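# Summary of the model geometry
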Amino acid sequence: MKNKIFALALSAFTAALFVACSADDGGATPGGDSQPVATMYSYATTLPYNADNDVQVRVAVNNQVNAVYLFAEKTETYDENFAALGEAGYKDYVIEHGTKLDELNDQYVDSIFTGLFGEWTISAVAVGKNNTKNMFKTTFLGLDWEDITDGIYNFGILNTRFGLAPHPTTLQVCTTDETLFRFKDVYAEGYSLKFVVTDDTGVDEFGYEFNYCRVAPQQTAYTYESYGAIYVRDIAYWQGGDDWIYSYPCLIYLDDYYAKFMLQHYVSAGSLGYNAFDVFKPASYYEE
């Protein structure tokens, strides 16, 4: 087993997004249009929902709408059904199989779709006077994960300041983004630590290559006194400068998935500390 001592090298990094959503209002907005319009907006969900696989969809209507029907299906299935039925036929398909939205007098209705893995298309059909039907849609890319290895995650700041014991976890990679990884449920069920593995590499003093990682701001399962939730991020996000990844690194060895993360822990009132590594040791480190 190689010793993890680091001589860090310089280079550039690549960033990535964690959630992909898009909306389509067909070029129309609620208001004085003579046609029924159902403008769609998609938003990332917050706890207790899972932003990886749950999405909030807002449908805003104009005064020409008598009813709106909402329907979600995998984009691959949507493409097949739309091609087979045509636009007019697919509108009727949504009305037949979808959910009729209530309380349209409020001008908009929010709906939560949960458990979406992969790419989904969410369609809305607005029905107006004389049975006029217009269709609108939005898409959502739900993240799915594949196991790489089990292991033990050893906390730095959360151990020295709060006594948090090492935690078993599973390192996973996102099936729709090969640069996106997470330590599943490392803080508690539903609270994983996501990070991006960049193509920026370094070599330690023993000649072993590692990749620098980026950890965007994210919430843990823990709170601190009356200040609310504890969050984490890498030092470069905290300081607003990419070069900080070299002096206070987050990195992973892709040959065996050993990882060391220098994270800042903070609450709304300020920093809780940063100068201690979190360390992930894969299962291979515990095998005889």
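All chains use their own residue numbering, which begins from 1 and follows the written sequence. For a predicted model such as this one, the threshold for reporting local features is a pLDDT of at least 70, and the threshold for listing and counting side-chain atom pairs is 80 or more; totals across whole chains, interfaces and linings nevertheless cover every residue. Note that water and hydrogens are dropped before the side-chain values are worked out from all heavy atoms of the structure.

## A few points about the pairing of strand S12 (residues 191-203)
Pairing between strands requires that DSSP locate at least two bridges from one strand to the other. Working definition: helices are DSSP H or I runs of at least four residues, strands are E runs of at least two. Numbering for both runs from the N terminus. When strand S11 (residues 177-188) meets S12, the two strands line up antiparallel, connected through five bridges. Following the sheet pairing, Phe181 is matched in S12 by Phe195. A loop of two residues connects S11 with S12, the two strands running antiparallel in sequence, and Gly190 in this loop sits at a positive phi of about 90°. Two strands pair when backbone bridges link them, and S12 and strand S13 (residues 209-214) are joined in this way by five bridges, in the antiparallel orientation. Paired with Val196 across the strands is Arg214, a residue of S13. Between S12 and S13, which pair antiparallel and follow one another directly, the connecting turn spans five residues, one of which, Gly207, has a positive phi of 90°.

## Things to note about the sheet that holds strand S2 (residues 38-44)
Pairing is antiparallel in the open sheet, where three strands are placed in the order S2-S3-S6. Taken across any chain shown, the strands that pair with only one partner, and hence form the sheet edges, are S2 and strand S6 (108-113). Sheet twist, expressed as the mean angle between neighbouring strand axes with direction ignored, is 20°. Both S2 and strand S3 (residues 55-61) contribute to a ladder of seven bridges, which runs antiparallel. Each bridged residue has a counterpart across the sheet, and for Ala38 the counterpart in S3 is Val61. To get an axis, a line is fitted to the C-alpha atoms, and for a helix only the part in contact is used. The angle between two axes follows their N-to-C directions and goes from 0 to 180 degrees.

## Things to note about a negative patch on the surface
A surface patch of like charges, here negative, comprises Glu76, Asp79, Glu80 and Glu119. Residue contributions to the negative patch peak at three residues, all from helix H1 (residues 75-97). Looking at the secondary structure, you find Glu76 in helix H1. Residues enter a patch when their relative accessible area is above 30% and they make no salt bridge; the linking distance is 9 Å between like charges and 5 Å between nonpolar side chains (Val, Leu, Ile, Met, Phe, Trp, Tyr). Areas reported as accessible are Shrake-Rupley estimates using a 1.4 Å probe. Residue values count occlusion only from the protein chains shown. Here, a salt bridge means any side-chain nitrogen of Lys or Arg that lies within 4 Å of a carboxyl oxygen of Asp or Glu. Only four residue types enter the charge count, namely Lys and Arg as positive and Asp and Glu as negative; His and the chain termini do not. Here the site of a charge means atom NZ of a Lys, CZ of an Arg, CG of an Asp or CD of a Glu.

## Notes on the nonpolar core
Here the nonpolar core consists of buried residues drawn from Ala, Val, Leu, Ile, Met, Phe, Trp, Tyr and Cys, with membership extended through side-chain atoms lying within 4.5 Å. To sort residues, take the accessible area from a 1.4 Å probe on protein chains only and compare it with the maximum for the residue type: under 20% means buried, over 50% means exposed, and anything in between is partly exposed. In terms of nonpolar packing, the biggest core is built from 22 residues, with Ala38, Met40, Val59, Val68, Leu70, Phe113 and Ile122 touching the most fellow members. For this core, the secondary structure elements donating two or more residues are S2, S3, strand S4 (65-74), S6, strand S7 (118-128) and strand S8 (133-142). With residues near it in sequence (within four places) discarded, Ile122 still touches Met40, Val55, Val57, Leu70, Phe71, Ala72, Phe113, Phe136, Lys137 and Thr138. Residue contacts follow a heavy-atom distance rule, with two residues in contact if any of their heavy atoms lie within 4.5 Å.

## A closer look at the pairing of strand S17 (residues 259-267)
Along S17, nine of the nine residues are buried, which leaves the element largely enclosed by surrounding structure. The alternating pattern of S17 places Ala259, Phe261, Leu263, His265 and Val267 on one face and Lys260, Met262, Gln264 and Tyr266 on the opposite face, and all of these are buried. With four bridges joining them, strand S15 (residues 229-234) and S17 adopt antiparallel strand pairing. Note that in S17 the partner of Arg233 across the bridge is Gln264. Note: strand S16 (residues 250-252) against S17, three bridges, orientation antiparallel. Along S17, the bridge assignment pairs Cys250 with Phe261. When S17 meets strand S19 (residues 277-282), the two strands line up antiparallel, connected through four bridges. Following the sheet pairing, Ala259 is matched in S19 by Phe280.

## Observations concerning the side chain of Gln264
As for its placement among the helices and strands, Gln264 is situated in strand S17. Assessed through its relative accessible area of 1%, Gln264 is described here as buried. At a separation of 2.6 Å, a polar atom in the side chain of Gln264 contacts the side chain of Arg233. For this analysis, a polar contact is any N or O atom pair within 3.5 Å, provided that within protein one partner can donate a hydrogen and the other can accept it, and provided that sequence-adjacent residues contribute only side-chain to side-chain pairs. There is a polar contact of 3.3 Å between the side chain of Gln264 and the side chain of Ser271. When near neighbours in sequence (up to four residues on either side) are disregarded, Gln264 contacts Tyr231, Val232, Arg233, Ile235, Trp238, Ser271, Gly273 and Tyr274.

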